[in-house]
Amino acid sequence: IRVWTERRGAFVRLSDVARVELGANSYAMSATCATPSGSVSQSATVRKVGGNSYRGSFYNAEYDTSGSISISVSGRSQSVYVSATKGSASMRLSR
């Protein structure tokens, strides 16, 4: 699965940045994002709840944070919403 394509035409696959386990209607993922100043690991599990909708939970051990995640896929874009007691975020990803 391609996550994004760089301007030069090179692309990054989901398997390049995360470990994903596929089930019949559920997905489990663990990933580590790293920068020169540090790294953060996170895991998530989502299940299909509609034609293009997924819901589940995430956990981040470094910050002792867990919460819910909702994903909606529309064509070549995704809307992602995460919510936890320490805050919330939303983002739109597109190709």
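Residues numbered from 1 in each chain as written. Predicted model: local features only at pLDDT ≥ 70, side-chain atom pairs only at ≥ 80, totals over all residues. Heavy atoms only, no water.

Novice: Is there a simple way to think about unusual backbone geometry in this case?
Specialist: Residues other than glycine predominantly adopt negative phi, and peptide bonds predominantly adopt the trans conformation. Residue Asp 64 is not a glycine yet carries a positive backbone phi of 45°. Within the secondary structure, Asp 64 sits in the loop between β6 (53–60) and β7 (65–74). Residue class for Asp 64 comes out exposed when judged on its relative accessible area of 56%. (Helix = DSSP H or I, 4+ residues; strand = E, 2+ residues; numbered from the N terminus. Buried < 20%, exposed > 50% of the residue type's maximum accessible area, 1.4 Å probe, protein only.)

Novice: Help me understand the pairing of β7, please; the structure alone is not making it clear to me.
Specialist: Side chains on a regular strand alternate between the two faces of the sheet. Relative to β7, β6 runs antiparallel, the two sharing eight bridges. Looking at β7, one finds that Ser 53 is bridged to Ser 72. Linkage of β6 to β7, two consecutive antiparallel strands, is achieved through a turn of four residues, within which Asp 64 is found at a positive phi near 45°. Relative to strand β8 (residues 77–84), β7 runs antiparallel, the two sharing eight bridges. Bridge pairing in β8 places Val 73 opposite Gln 78. Here β7 folds back onto β8, and the loop between the two strands holds two residues, one of which, Gly 75, carries a positive phi near 60°. (Pairing = 2+ DSSP bridges.)

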